[in-house]
2 protein chains.
Amino acid sequence: MHTRLCELLGIDYPIVAFTPSEHVAAAVTRAGGLGVLGCVRFNEASALDETLDWMDANTDGKPYGVDVVMPSKIPEEGTKGELSNHIPPEHREFVARTLRELGVPETKANDETGGVLGWLHSIARSHVDVSLKHRVSLIANALGSPPSDVIEQAHSHGVKVAALAGKAVHARSHVDNGVDIVVAQGYEAGGHTGEIASMVLLPEVVDQVGHDVPVLAAGGIGSGRQVAAALALGACGVWMGSYWLTTTEYLESMNNSSTMQEALVAATSSDTVRSRIYSGKPARLLKTRWTDAWQQPGAPTPLPMPLQNLLVSEAHQRIAASHDPTVVAMPVGQIVGRMNAVRPVAELMSELVSEYGDAVDRLQKTR
Amino acid sequence: MHTRLCELLGIDYPIVAFTPSEHVAAAVTRAGGLGVLGCVRFNEASALDETLDWMDANTDGKPYGVDVVMPSKIPEEGTKGELSNHIPPEHREFVARTLRELGVPETKANDETGGVLGWLHSIARSHVDVSLKHRVSLIANALGSPPSDVIEQAHSHGVKVAALAGKAVHARSHVDNGVDIVVAQGYEAGGHTGEIASMVLLPEVVDQVGHDVPVLAAGGIGSGRQVAAALALGACGVWMGSYWLTTTEYLESMNNSSTMQEALVAATSSDTVRSRIYSGKPARLLKTRWTDAWQQPGAPTPLPMPLQNLLVSEAHQRIAASHDPTVVAMPVGQIVGRMNAVRPVAELMSELVSEYGDAVDRLQKTR
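Cut-offs applied
- Residues numbered from 1 in each chain as written.
- Chains lettered and ligands numbered in written order.
- Predicted model: local features only at pLDDT ≥ 70, side-chain atom pairs only at ≥ 80, totals over all residues.
- Heavy atoms only, no water.
- Helix = DSSP H or I, 4+ residues; strand = E, 2+ residues; numbered from the N terminus.
- Rg over C-alpha atoms; globule rule 2.2 N^0.38 Å.
- Buried < 20%, exposed > 50% of the residue type's maximum accessible area, 1.4 Å probe, protein only.
- Core = buried A, V, L, I, M, F, W, Y, C linked by side-chain atoms within 4.5 Å.
- Contact = heavy atoms within 4.5 Å.
- Domains from an automatic or database assignment.
- Buried area = accessible area lost by both parts, 1.4 Å probe.
- Salt bridge = Lys/Arg side-chain N within 4 Å of Asp/Glu carboxyl O.
- Nonpolar A, V, L, I, M, F, W, Y, C, P; charged D, E, K, R; others polar.
- Axes fitted to C-alpha atoms, helices over the stretch in contact; angles between N-to-C directions.
- Left-handed = near helix turned anticlockwise from the far one by under 90°.
- Polar contact = N/O pair within 3.5 Å; in protein donor to acceptor, adjacent residues only side chain to side chain.
- Pairing = 2+ DSSP bridges.
- Right-handed = clockwise from strand over helix to strand, strands pointing away.
- Least-squares fit on C-alpha atoms with pLDDT ≥ 70 in both.

Section: the overall build of chain A
Then, in step 1: The number of helices and strands found in chain A is 15 helices and 11 strands.
Then, in step 2: Taken against the 2.2 N^0.38 rule, which gives 21 Å for 367 residues, the C-alpha radius of gyration of chain A at 20 Å falls within 12% of a compact globule.
Then, in step 3: Its C-alpha atoms put chain A at 60 × 45 × 40 Å along the principal axes.
Then, in step 4: The 367 residues of chain A split such that 59% are buried.

Examining the nonpolar core
Among soluble globular proteins, nonpolar side chains are generally buried collectively.
Then, in step 1: Judged by nonpolar contacts, the single largest core of 115 residues is most densely connected at Val-182 and Trp-244 of chain A together with Val-182 and Trp-244 of chain B.
Then, in step 2: Counting residues per element, this core draws most heavily on helix α15 (residues 345-364) of chain A, which supplies nine residues.
Then, in step 3: The residues touching Val-182 of chain A, leaving out its near neighbours within four places in the chain, are Ala-163, Ala-165, Ala-171, Val-175, Val-205, Val-209, Val-213, Pro-214, Val-215 and Leu-216 of chain A.

Points about the domain arrangement of chain A
Frequently, the measure chosen for interface size is the accessible area removed from exposure when the parts meet.
Residue and element names in this part refer to chain A.
Then, in step 1: Segmentation of chain A into domains returns domain 1 (4-76 + 120-248 + 357-364) and domain 2 (80-115 + 259-327).
Then, in step 2: With 14 residues of domain 1 at the interface, the matching set in domain 2 holds 15 residues.
Then, in step 3: Between domain 1 and domain 2 the total buried area reaches about 1100 Å² when both faces are included, carbon and sulfur atoms providing 55% of it.
Then, in step 4: When residues of domain 1 are sorted by the area they lose upon contact with domain 2, His-192, Leu-245 and Thr-246 head the list and together hold 38% of the total.
Then, in step 5: At the boundary of domain 1 with domain 2, the tally comes to one salt bridge.
Then, in step 6: Tallied by class, the residues present in the side of domain 1 that touches domain 2 amount to four nonpolar, eight polar and two charged.

Topic: the packing of helix α3 (residues 45-57) of chain A against helix α6 (residues 121-131) of chain A
Residues and elements named next belong to chain A.
Then, in step 1: At their nearest, the axes of α3 and α6 sit 9 Å apart, and the two run at 35° to each other. In terms of crossing hand, the pair formed by α3 and α6 is right-handed. Between α3 and α6, the contacting residues are Ala-45, Leu-48, Asp-49 and Leu-52 on the first element and Ser-126, His-127, Val-130 and Ser-131 on the second.
Then, in step 2: Classifying every residue of the contact of α3 with α6 gives four nonpolar, three polar and one charged.

Overview of the interface of chain B and chain A
Then, in step 1: In this assembly, 44 residues from chain B lie in contact with 44 residues from chain A.
Then, in step 2: A combined buried area of about 3700 Å² lies between chain B and chain A, and 53% of that area is made up of carbon and sulfur atoms.
Then, in step 3: It is Met-199, Leu-363 and Arg-367 of chain B in chain B that bury the most area against chain A; as a group they hold 18% of the surface buried on that side.
Then, in step 4: Taken together, the connections running from chain B to chain A amount to six salt bridges.
Then, in step 5: Our count for the chain B to chain A interface comes out at 26 residue pairs in polar contact (both at pLDDT 80 or more).

What to know about the environment of Gly-178 of chain B
All names here are of chain B.
Then, in step 1: Summarising the element assignment, Gly-178 is placed in the loop between α8 (168-176) and β6 (181-185).
Then, in step 2: Look at Gly-178 and you get partly exposed, because its relative accessible area is 25%.
Then, in step 3: Linking Gly-178 and Ile-151, residues 27 residues apart in sequence, is a C-alpha distance of 6.9 Å.
Then, in step 4: Other than its neighbours up to four places away in sequence, Gly-178 contacts Ile-151 and His-155.

Here we look at the sheet that holds strand β6 (residues 181-185) of chain A
All names here are of chain A.
Then, in step 1: Spatial ordering of the closed barrel is given by β1-β2-β3-β4-β5-β6-β8-β9, a layout of eight strands whose pairing is parallel. Recorded for the sheet is a direction-independent mean angle of 25° between the axes of neighbouring strands.
Then, in step 2: Relative to strand β5 (residues 160-165), strand β4 (residues 136-141) is paired through four bridges, and the arrangement is parallel. Bridging from a neighbouring strand, Ile-139 pairs with Val-161 of β5.

Some details on the pairing of β4 of chain A
Residue and element names in this part refer to chain A.
Then, in step 1: With six of its six residues buried, β4 lies for the most part within the structure.
Then, in step 2: Both strand β3 (residues 64-68) and β4 contribute to a ladder of five bridges, which runs parallel. By the bridge assignment, Tyr-64 is partnered in β4 with Val-136.
Then, in step 3: Chirality of the crossover, the property in question, places the unit of β4, helix α7 (residues 148-156) and β5 among those that are right-handed.

Notes on the side chain of Asn-141 of chain A
Residue and element names in this part refer to chain A.
Then, in step 1: One can find Asn-141 in strand β4.
Then, in step 2: For Asn-141, a relative accessible area of 1% corresponds to the buried category.
Then, in step 3: With residues near it in sequence (within four places) discarded, Asn-141 still touches Asp-67, Val-68, Val-69, Met-70, Pro-146, Ala-162, Ala-163 and Leu-164.

Examining the relation of the copies chain B and chain A
Then, in step 1: Rotating chain B by 180° and translating it 0.0 Å along the rotation axis places it on chain A, where the RMSD comes to 0.0 Å. Here the transformation between the copies is reduced to the relation of a two-fold axis. Considering only C-alpha atoms, the part of chain B nearest the rotation axis is Ala-229 of chain B, at 2.0 Å.
Then, in step 2: Most of the interface of chain B is mirrored in chain A, where 100% of its interface residues are also at the interface.

Looking at the pairing of strand β5 (residues 160-165) of chain B
All names here are of chain B.
Then, in step 1: A large share of β5 lies buried, amounting to five of its six residues.
Then, in step 2: As paired elements, β5 and β6 share four bridges and run parallel to each other. If you follow Ala-165 over to β6, its bridge partner there is Ala-184.
Then, in step 3: Of the crossover connections in this fold, the one passing from β5 over α8 to the parallel β6 is right-handed.

Describing the environment of Ile-196 of chain B
Then, in step 1: Relative to the helices and strands, Ile-196 of chain B resides in the loop between β7 (191-192) and α9 (198-209).
Then, in step 2: With relative accessibility at 3%, the residue Ile-196 of chain B sits in the buried group.
Then, in step 3: Ile-196 of chain B sits 178 residues away from Phe-18 of chain B along the chain, and the two C-alpha atoms are 21 Å apart.
Then, in step 4: Apart from the residues lying within four places of it in its own chain, the contact partners of Ile-196 of chain B are Ser-269, Ser-270 and Gln-334 of chain A together with Gly-166, Lys-167, Gln-185, Gly-186, Tyr-187 and Leu-201 of chain B.

This is the structure:
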């Protein structure tokens, strides 16, 4: 399993792992892929700085990346308090009532740390600044092209820039803006996702950006056969996110609470839902009693980004503290149906590589 | 491009073409694939009989198949008149008003031939009886397993039975019922379709039914790269429907009216919508002013099968007669974005085979 992405990023296998866990990211890098640490949870740049110190010390000198959430145009933004004033009381009442009905206990008020502010442009920019002081080799942006000065800043440090795209026209525009690597993310992916499935999207993106631009396949990848399919469609590597959520390394990032992993291991590929309730933009989530409640008649329409996440952030904390797998609020792709045990990253990586070889050999016999 | 499906069905390439057009079906069979004629439009068994006479005479002695629409349990049914009584007047008023607003002209009342009755079990059963008098080698059922006596009837004629499945558990049940070939149909497919995308669904179905059962990949296939991806995922062939709608042979089945093909050629992969307005069950359609109208606030909820199709059948006729590409009512998959010219079947087939070889060669180099 070797493509030109391996030379471009200095990795053994063209497997890029997006993860909010530094333990997973480091393990993927050590196993020959590229671990990409999601930065959106770091409200304070100093906390990211410390975590990247840890990454530098735990990746055997091998490359890793970071993922930020940054719109290409700088939006108006305010303090958390100002933003909160835009949340209608009906929405707050619905969340409070729903948590009560779902049996999610109250927790000590913890408003200071609540709410993911990484959606805010200023915070995302601090993530870039901090990352470039560390040994990162890739900055990926979940919202497409970053602003042009950020791309220049990365390039001046010898760092490649990747951007997610759910449509071929967006991929084209990212490349025109100076992005080096396109992540083509299909409908089946977890988190923020578009409507076009990977089988259709991938060759469209490859044809649109031309064969000189490396395209990574995101959405629906959790086996060597799926990596082979992605490469057959023209990708030169894969971007996997959900798949690492049921690793032993991820458990370390959950303070060894296994509730979320229990819920994922039990879920089938039918147990996800694409909804705006997590962030305000359509994102695929694990289907639970929490997501069901938002689909009942009378449930409010989700608010736009970043208000919706501010609205539900305390709920997310209470849900996490409840240790109830039936209310978990978690982005995950349809590949969750293949995540049926908690296993170490190194084992998953070696299985991907070996099954990939088998799939290619099988195809060769049909020639 | 050769798999065990070729031996099983006596074909050169593992490409199965579902199509309502006998011209397309015969051309695919002549080009080395398996043309499968959709029977749902034949309200009279005698008309199907005549068309299959034509198929027998125009396929150079090569195999072809038919597709019926038959639930495994025999539902209650009534005459068209009795069924029509269940359609609420508000629904009829919405359709009449919408057609007026869209500028679709009235046509001469043609109630006798209007409405697809092939959804009815009795009609679908007549399709099977007629087909078995002809040189068919495959009977496929769009609604999953046919009743067990129909499977036995087909097998006693040496005819294989295929069934569509959108979930792995359904595929398992089809095989347990005696079905020979599973068609795993992903979210991106045209017509009736489930929620799980091909990239995730295919290996799930293959693993669920075991490697002895041939699985065909449906949804998102319109290039040799996509055939290679399907086979990498474990399919032993592909089932393609939408892709043949923009062939010169299909034009013959449209009385040389090119309106629908113009609409398809212009559409991108974003220009489809999954909706219950065509038949009462979720089906992916070309997105037009007609489908948009059903998504406006105040539009009625579609009726269950078979009432919804009875409701819209006259509208479909008026829309077809209007020759306006912006109101076309047509099932099609996301692959419509790759259907950018009207071309002969033989040309598309030879391109699929050649691009498939290139994709496999490219993969071999990554080994």
